[in-house]
Amino acid sequence: MDVKGSDDTRTQETNGGRSSMWGGRFAAGPAAVMERINASIDFDKRLYRQDIAGSKAHCRMLMETGILSRDDGEAILAGLDQVLQEIIDGRFTFSTALEDIHMNVEARLREIIGPAAGRLHTARSRNDQVATDFKLWTRDAVDMLDDRMAAVQAALIAQAEAHADAVMPGFTHLQCAQPVTFGHHMLAYVEMFGRDRGRLRDARARLNECPLGAAALAGTGFPIDRAMTAGLLGFDRPAANSLDAVSDRDFAIEVMAAASLCAVHLSRLAEELVIWTSAQFGFVSLSDRFTTGSSIMPQKRNPDAAELVRAKTGRVIGHLNGLLIVMKGLPLAYSKDMQEDKEPLFETVDTLELCLAAMAGMIADLTVNRERLAAAAGAGFSTATDIADWLVREVGMPFRDAHHATGAIVKLAEDKGVGLEDLSLADLQSVEPRLTADLRLDPAGSAAARTSLGGTAPDRVREACAAARRRFLEGETAP
């Protein structure tokens, strides 16, 4: 079936020197402020590749189903290729009078091939068109962010492998708790970013349904092939309900939620870098590539990159909240409010990509001060739990009793002003006579004893590094 007539129902007219898409319904052009508030081209021009890809798939489907003639279809496809190249080359002029990327592309296509361009919009609406464009862009963004997160994981794993046996204090409440290894600490973040990648992949799987063919909200009476269009665009299937297809922005919110959690993980790691690079800690140092100086204090080396990663988390979370609020009161189906969906996601993706790149660079750049870590590892009587564990394991003492005896030994060390490792065997036996010289209270020995699965013992850390490399970087299993 070939559509007759040269123009789409949304005939372009000139009103007051401005181009309008509304056809005969409106007699006058929009007020200047209406043009400003209504136009989205300043930001949705980022969708040009996806918009043209969607239009080409729609055109091919119209040709295959006989809705569009072969001649008109080939002209449209060639014209769309020309528009794409003009945009890539920077020769395309975007117009706010044409509101959005869809009408800008269609208007230029009309200039290139004439009235046949108007046939492209048969059996679709800007509602299903924009939903499709936005899903395609989001899908590409998820794939890109997954690569960036993998790069951070690779940097963390490399540091973990290099420092699998570097003993450091492990903290709870930011108080010294038990000795751990630096490699073990790095691998904790590898797991966090692995979950972030998994959430994004889950979101990608859910968003991969094609809205095209839903038209404005009710579907279309033309004999279209939605499965064909979905397949051409790499979707798993067409969206099942036309109302939902044009009004769904769950996919954007879900990606932004996953991005927000990833940003929180980045911020936690950034906070540790800020603390660790301070003179009071001195656990690690960053080079001039990721630090800045002071305008008045020449000795300063400020971890600005880490601080900015920490700060930008607020921006990412704020965009998620903003879009949730936009969507919370919208009835079905499409409302213009949804035009406010793109800038938050665009900004979220841009910000997270930058933060991931900065973090990957910082982790690869940092120098670990193993001596400072080791010196701090025994602070705060961090090996006290080893005494209690030894009493349970070697003499069969109930843990609560062992805990009480260990507390008395800690008090003894406190009173003497020494560390646990500095107490003599006689000191220890004055509290609990069954203690022997087999008890090791040095931080390295404490860490080495933690051999349980997921523990901090150096051999376990090396095994975990190899497993993480297989899981997250070599694709043995999905994160």
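Residues numbered from 1 in each chain as written. Predicted model: local features only at pLDDT ≥ 70, side-chain atom pairs only at ≥ 80, totals over all residues. Heavy atoms only, no water.

> Please provide a residue-by-residue account of the pairing of strand β4 (residues 175-181), values included.
In this sheet, β4 lies alongside strand β3 (residues 167-172) in antiparallel orientation, the contact comprising 6 bridges. Bridged to G170 within β4 is Q178. Following β3, the chain reverses through 2 residues before pairing antiparallel with β4; H173 in that reversal takes a positive phi of roughly 60°. (Pairing = 2+ DSSP bridges. Helix = DSSP H or I, 4+ residues; strand = E, 2+ residues; numbered from the N terminus.)

> Can you lay out the packing of helix α6 (residues 126-162) against helix α10 (residues 250-276) for me, pointing to particular residues and giving the numbers?
Pairs of packed helices are described in terms of their axes, by the angle between the two and the distance that separates them. Contact pair α6 / α10: the axes reach a minimum separation of 11 Å and the direction vectors enclose 20°. If you check the angle between α6 and α10, you find them roughly parallel. You can see that α6 and α10 cross each other, and the crossing is left-handed. Contact with α6, carried on its side by A131, F134, K135, T138, V142, M149 and L156, involves F251, A252, V255, C262 and L269 of α10 and no other residues of that element. A breakdown of the residues in the contact of α6 with α10 according to their chemical character gives 10 nonpolar, 1 polar and 1 charged. (Axes fitted to C-alpha atoms, helices over the stretch in contact; angles between N-to-C directions. Parallel < 35°, antiparallel > 145°, perpendicular 65-115°, else oblique. Left-handed = near helix turned anticlockwise from the far one by under 90°. Contact = heavy atoms within 4.5 Å. Nonpolar A, V, L, I, M, F, W, Y, C, P; charged D, E, K, R; others polar.)

> Can you break down α10 residue by residue, with the values?
Its 27 residues give α10 an end-to-end C-alpha distance of 39 Å, which sits within 8% of 39 Å, the value for a rise of 1.5 Å per residue. Most of α10 is tucked away: 20 of the 27 residues are buried. (Expected span 1.5 Å × (residues − 1). Buried < 20%, exposed > 50% of the residue type's maximum accessible area, 1.4 Å probe, protein only.)

> I'd like a rundown of the packing of α6 against helix α12 (residues 342-365), residues and numbers included.
Between α6 and α12, the least distance of the axes is 9 Å, while the angle of their chain directions is 15°. Classified by the angle between their axes, α6 and α12 sit roughly parallel to one another. Crossing geometry of α6 relative to α12 is assigned as left-handed. Looking at the contact of α6 with α12 residue by residue, the classes come out as 20 nonpolar, 2 polar and 3 charged.

> Lay out helix α5 (residues 101-113) with the relevant residues and their values.
The end-to-end C-alpha distance of α5, which contains 13 residues, comes to 18 Å, matching closely the 18 Å that a straight helix rising 1.5 Å per residue would cover. Buried residues of α5: I101, H102, M103, N104, V105, E106, A107, L109 and R110, and no others. Buried residues along α5 sit in contact with α2 (41-44), α3 (48-64), α4 (70-89) and α6. Positioned one or two residues after α5, G114 has a phi angle of 90°, which is positive.

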